[in-house]
Amino acid sequence: MKIAKDAFRRFPLKNVRGVPLMEAIVQNWESVCTFCPDPSDLLMAAYPKAGITWTQEIVDLLLHNGDAMACRRAPTILRHPFLEIFSPPPIPSGLDLLNKMDPPRVIKTHLPIQLVPEGFWKNKCKVIYVARNAKDNLVSYYHFDRMNLTHPDPGPWDGYIHKFMKGELAWGSWYDHVKGYWEERQKINILYLFYEDMKENPRREVERIMKYLDLSCSDDVIKRVVELTSFKVMKDNPMANYTFITKPIFDHSISPFMRKGWCFFQYFILISCVVVMVLLLDKNILLKNYCKAMFQY
Ligand code: A3P
C-alpha cells in the first residue's frame, strides 16, 4: 500500500463533548454519530489498550467455528472496521469499510458510552466491552503512543501519568470509560469482560462470549479458540499482530503492538516467588540481609 510521505504526523487532539479525540475524528464527527448499524451488528468497545484485539480474535474464531484460515482472511482492522477512525488516504476510514460490508458486522470502537451513535441502542445491537486494570492499561497505552506516530507525542512518563489521570489522552478518561459501560451493562445487556479474567481462565471467558453470541461450539472448537488466541500464537499471527500497519503510522521498532500481554498481578506473583526462593536458598548472606531489611523482620 503506497502512502504519501507527509500525510501522517502526530495529530493534535480536539474535544467532542469534553472527550479528547484525534483531530480527524472530530472533523468527521457528524458522519460518525449519525452512523446507523443493523440490529445484527455486534459492537466491540474498550478503552485503548485494554485487550480489544484479543477479544476480537476470539469473537472472529467463534463466529467461524474455530477455522484459523478463515480468520486469517485479512488483518483485524479490515475484518472488524474501527467505527470512528479516519486516516489520510489511501487508508480507508472505518465508515468506508462498513459501507462496503453486509451485516452482520463486527464493529470496533474506543468511544466512551455517551458518544456511541444512538442507532446502536435503538437497534438493540449486542455489545461486548473489555476493561483492563488502570496500571497495565496505562503502561500499554504509553508504549503504544510512542510507536503510533499519528498519536500525540507521549512525552516523559511522569507527565504522561498525569495526563492519563486527568483524562487528557485520546478517548478521554479511563475511569469514566470503564464506569460508563459498567453502569449501563444490565440495562442494555452489555457483555462486560475483564482482561485479567481472560488471563486467569481464558476458556471460561471464551465460553461466556460464545453464550452471549448465541453460539454453541464443540469442546474441540473451544479448545482451539483458546489456543489460537494465546498471546504467543497471536504475537506470531501477522493478521492479528498489527505488523500489517507499518511506518509512517506504526513504528514497531520502538515498541511492538503485542508487547508483553502480562498483568500486574503476574509480575507480583513472579517477584514474590523469586523472593521466597532467595530466602529458601539461604546461601547468599548479602541477599538474605537485603530481603530482611526490605521486609523488616
Ligand atoms: P501490552 O502492551 O501490555 O502487551 P488493544 O488490543 O486493546 O490495543 O490492547 C493491546 C494489549 O493487549 C497489549 O498489551 C497486547 O499485548 C495485549 N494482547 C493482545 N493480544 C493478547 C493475547 N492474546 N493475550 C494477552 N494479551 C494480549
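An account of the accompanying structure is given in this report. All of these numbers come straight from a predicted model, not from anything done at the bench. (Residues numbered from 1 in each chain as written. Predicted model: local features only at pLDDT ≥ 70, side-chain atom pairs only at ≥ 80, totals over all residues. Heavy atoms only, no water.)

## Comments concerning the pattern of salt bridges
Scanning the model with the defined rule gives 17 salt bridges in all. In this structure, R105 engages D41 in a salt bridge whose closest nitrogen and oxygen atoms are separated by 2.7 Å. Remark: D41 occurs in the loop between α2 (29-33) and β3 (42-46) and R105 occurs in the loop between α6 (94-100) and β4 (106-109); sequence separation between them is 64 residues. The pair formed by R105 and D41 is uniform in burial state, with each residue classed as buried. Between D219 and K223 there is a salt bridge, with the nearest N and O atoms lying 3.5 Å from each other. Here D219 pairs with K223, and both are found in helix α13 (residues 219-228), just 4 residues apart, close to one helical turn. With a relative accessible area of 41%, D219 lands in the partly exposed category. Here the residues in one salt-bridge network are E57, D60, R73 and R79, joined through shared partners. (Salt bridge = Lys/Arg side-chain N within 4 Å of Asp/Glu carboxyl O. Helix = DSSP H or I, 4+ residues; strand = E, 2+ residues; numbered from the N terminus. Buried < 20%, exposed > 50% of the residue type's maximum accessible area, 1.4 Å probe, protein only.)

## Some points on the site of the ligand
Around the ligand, 19 residues are found, and the nearest of them are T53, S140, Y195, K260 and G261. Take A50: an N or O atom from its main chain is 3.2 Å from an oxygen atom of the ligand. With respect to the ligand, the backbone of I52 contributes an N or O atom lying 2.9 Å from an oxygen atom. Protein chains bury 98% of the 570 Å² of accessible surface belonging to the ligand in isolation. Of all the elements in the fold, those that place two or more residues in the shell around the ligand are α3 (52-63), α11 (195-200) and α14 (231-235). Top contributing element to the shell around the ligand by residue count: α3, with 3 residues. Broken down by class, the residue content of the shell around the ligand amounts to 8 nonpolar, 6 polar and 5 charged. (Near = heavy atom within 4 Å. Polar contact = N/O pair within 3.5 Å; in protein donor to acceptor, adjacent residues only side chain to side chain. Areas by Shrake-Rupley, 256 points an atom, 1.4 Å probe, with all protein chains shown as cover. Nonpolar A, V, L, I, M, F, W, Y, C, P; charged D, E, K, R; others polar.)

## Some details on the packing of helix α12 (residues 202-212) against α13
Taken N-terminus to C-terminus, the directions of α12 and α13 make an angle of 115 degrees; their axes are 10 Å apart at the nearest point. Pair α12 / α13 crosses with right-handed handedness. Contact with α12, carried on its side by P202, R203, V206, E207 and M210, involves D219, I222, K223, V225 and V226 of α13 and no other residues of that element. (Axes fitted to C-alpha atoms, helices over the stretch in contact; angles between N-to-C directions. Left-handed = near helix turned anticlockwise from the far one by under 90°. Contact = heavy atoms within 4.5 Å.)

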